[in-house]
Amino acid sequence: MDVARARRLVPAGLRESAALTGADALSWLDGLPDLVVASCARWSLDLDEGVPAHGAHALVLPVRRDGRACVLKLSHRGDDVRGEVTALRTWAGRGAVRLLDADVEGDVLLLERLDTSRSLSDCPPEEVSRAVGRLLRELAVPARDGTPTTAAEAEQIARTVGDRQRRLGNPLPERWVTASRHAAELLSTRAVVPTLVHADLTPDNVLRRPGAGWVVVDPKALAGPPERSLPELLWRLVDHPAGRDLPALLRSICAAGDLDEELAREWVVARTVDYWSWAVDVGLTTDPLRCRAVLAALA
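Peer 1: What is the right way to look at the overall build of the protein in this model?
Peer 2: In terms of regular secondary structure, the protein is built from 12 helices and 10 strands. Each principal axis of the C-alpha distribution contributes one length, and for the protein these read about 55 × 40 × 40 Å. For the protein, with 299 residues in total, the buried portion stands at 49%. Contacts spanning at least 24 positions in sequence make up 69% of the contacts within the protein whose residues lie at least 6 apart. With an accessible surface of roughly 13,700 Å², the protein has 49% of that area assigned to carbon and sulfur atoms. Separation between the mean location of the 38 positive side-chain charges and that of the 43 negative ones in the protein comes to 2 Å.

Peer 1: Please clarify how the nonpolar core should be interpreted in this entry.
Peer 2: What tends to happen in soluble globular proteins is that the nonpolar side chains get buried as a cluster. Judged by nonpolar contacts, the single largest core of 69 residues is most densely connected at Trp-91, Leu-120, Val-128, Val-132, Val-216 and Leu-230. Val-132 has contacts with Leu-120, Leu-201, Leu-230, Leu-233 and Ile-253, leaving out every residue within four places of it along the chain.

Peer 1: Is there a simple way to explain the environment of Ser-129 in this structure?
Peer 2: In this fold, Ser-129 is placed in helix α6 (residues 125-139). With 120 residues separating them along the chain, Ser-129 and Leu-249 place their C-alpha atoms 6.7 Å apart. If near-sequence neighbours (up to four positions away) are discounted, Ser-129 is found in contact with Leu-249, Ser-252, Ile-253 and Ala-256.

Peer 1: I keep staring at the pattern of salt bridges and nothing clicks. Help me out?
Peer 2: In the structure shown here, the tally under the stated rule is 24 salt bridges. Where Arg-271 meets Glu-153, a salt bridge forms, and the shortest distance between an N and an O atom there is 3.8 Å. Placement of Arg-271 in helix α11 (residues 261-282) and of Glu-153 in helix α7 (residues 150-167) is noted, with a sequence separation of 118 residues between them. The exposure classification of Arg-271 matches that of Glu-153, with both residues buried. The salt bridge involving Asp-287 is made with Arg-290; its shortest N-O contact spans 2.9 Å.

Peer 1: Would you mind going over the packing of aromatic side chains with me for this structure?
Peer 2: The geometry of an aromatic ring pair is captured by the separation of the ring centres together with the interplanar angle, meaning the angle of the planes. Within this structure, the stated rule accounts for 2 aromatic pairs. For the pair Trp-235 and Tyr-275, a centre-to-centre distance of 4.3 Å together with 15° between the ring planes defines the contact as stacked. Remark: Tyr-275 occurs in helix α11 and Trp-235 occurs in helix α9 (residues 230-237); sequence separation between them is 40 residues. This pair shows no difference in class: Trp-235 is buried, exactly as Tyr-275 is. The interplanar angle of 25° and the centroid separation of 5.5 Å between the aromatic rings of Tyr-275 and Trp-278 together place this pair among those described as stacked. Note that Tyr-275 and Trp-278 are positioned in helix α11 at a spacing of 3 residues, about one turn of the helix. Taking the relative accessible area as the measure of exposure, Trp-278 reaches 38% and is therefore partly exposed. A connected cluster of aromatic rings, assembled from ring pairs, spans Trp-235, Tyr-275 and Trp-278. The ring of Trp-214 has Arg-208 lying over it, and the distance from NZ or CZ to the ring centre is 5.0 Å.

Peer 1: Is there a simple way to think about the environment of Ala-18 in this case?
Peer 2: Here Ala-18 is to be found in helix α2 (residues 12-21). Of the residues examined, Ala-18 reaches a relative accessible area of 2% and is grouped as buried. Separated by 58 residues in the primary sequence, Ala-18 and His-76 place their C-alpha atoms 9.3 Å from one another. What Ala-18 contacts, discounting residues up to four positions off in sequence, is Ala-25, Leu-26 and Leu-29.

Peer 1: Would you mind showing me how to read α11 here?
Peer 2: Two residues of an α-helix separated by three or four positions point the same way, owing to the 3.6 residues in each turn. For α11, which comprises 22 residues, the first-to-last C-alpha distance of 31 Å matches the rise-based estimate of 32 Å (1.5 Å per residue) to within 8%. Taking the backbone nitrogen of Glu-262 as reference, a side-chain oxygen 3.0 Å away marks Asp-260 as the first, capping residue of α11. Downstream of α11 by one or two residues, Gly-283 has phi in the positive range, about 90°.

Cut-offs applied
- Residues numbered from 1 in each chain as written.
- Predicted model: local features only at pLDDT ≥ 70, side-chain atom pairs only at ≥ 80, totals over all residues.
- Heavy atoms only, no water.
- Helix = DSSP H or I, 4+ residues; strand = E, 2+ residues; numbered from the N terminus.
- Buried < 20%, exposed > 50% of the residue type's maximum accessible area, 1.4 Å probe, protein only.
- Contact = heavy atoms within 4.5 Å.
- Areas by Shrake-Rupley, 256 points an atom, 1.4 Å probe, with all protein chains shown as cover.
- Lys, Arg positive; Asp, Glu negative; His and termini not counted.
- Charge placed at Lys NZ, Arg CZ, Asp CG, Glu CD.
- Core = buried A, V, L, I, M, F, W, Y, C linked by side-chain atoms within 4.5 Å.
- Salt bridge = Lys/Arg side-chain N within 4 Å of Asp/Glu carboxyl O.
- Phe/Tyr/Trp six-rings, centres within 6.5 Å; stacked < 30°, edge-to-face > 60°.
- Lys NZ or Arg CZ within 6 Å of the ring centre and 35° of its normal.
- Expected span 1.5 Å × (residues − 1).
- Polar contact = N/O pair within 3.5 Å; in protein donor to acceptor, adjacent residues only side chain to side chain.

Structural data, given as structure tokens:
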């Protein structure tokens, strides 16, 4: 593969995301074609048929190595990529996408290829409950030393959510800000077994392994209780059929995964309000409505 061909693989949407992120992301994007070429040469990869995918900070290309279908993921996330590699190596394919190779310094990963034609948001509530409950128990293995903790995250929420509310002119209902701060204070001191947690478990981060079941991708690794994984899931399901009855869905997931429903609710309140105020701060419009809907459903 040459640089000119690699440049044509970069979607316009990724450049738009990089422009919103800042100068560092644009600099990374400018060097991306060279990184694609170097990574393909390093790991003896052939570009495969299929449309390149991207998020706000990553490009994913379908490739083959020795005839095996894989994806090449190139990210602009720094320490997040290191945490992702550690988590994927710890899980070793059990409930998570298999990591085949990694260039941590270059933020480049080679992963098994999954079925992207269907995500968890397309499934009925009972399948969501079974899949998520099973995955959260399967992923709940001991976290490695040095993994950031959910307790530290909760402490930060307790310390900052009220200040952000005041700085923004009190855009959120005060009762929810108070509830978030109170829940976060409890969570920051609650004794839990430090298991490895996927802290960005959106429905689109749960995909099918061909010929097998659901597995997770794109982990943000934390050490704490598996209940911490639920807020992001509920935000994204609230406007899908699976999320029409969020209290029932939460109960079903907790039952399927043998989770503590009270602990799960505390995390949903703490994180949802925190994310809601952050989303208002950066000018998002849809996500604050989702957060409001989640909290209203669970009130």
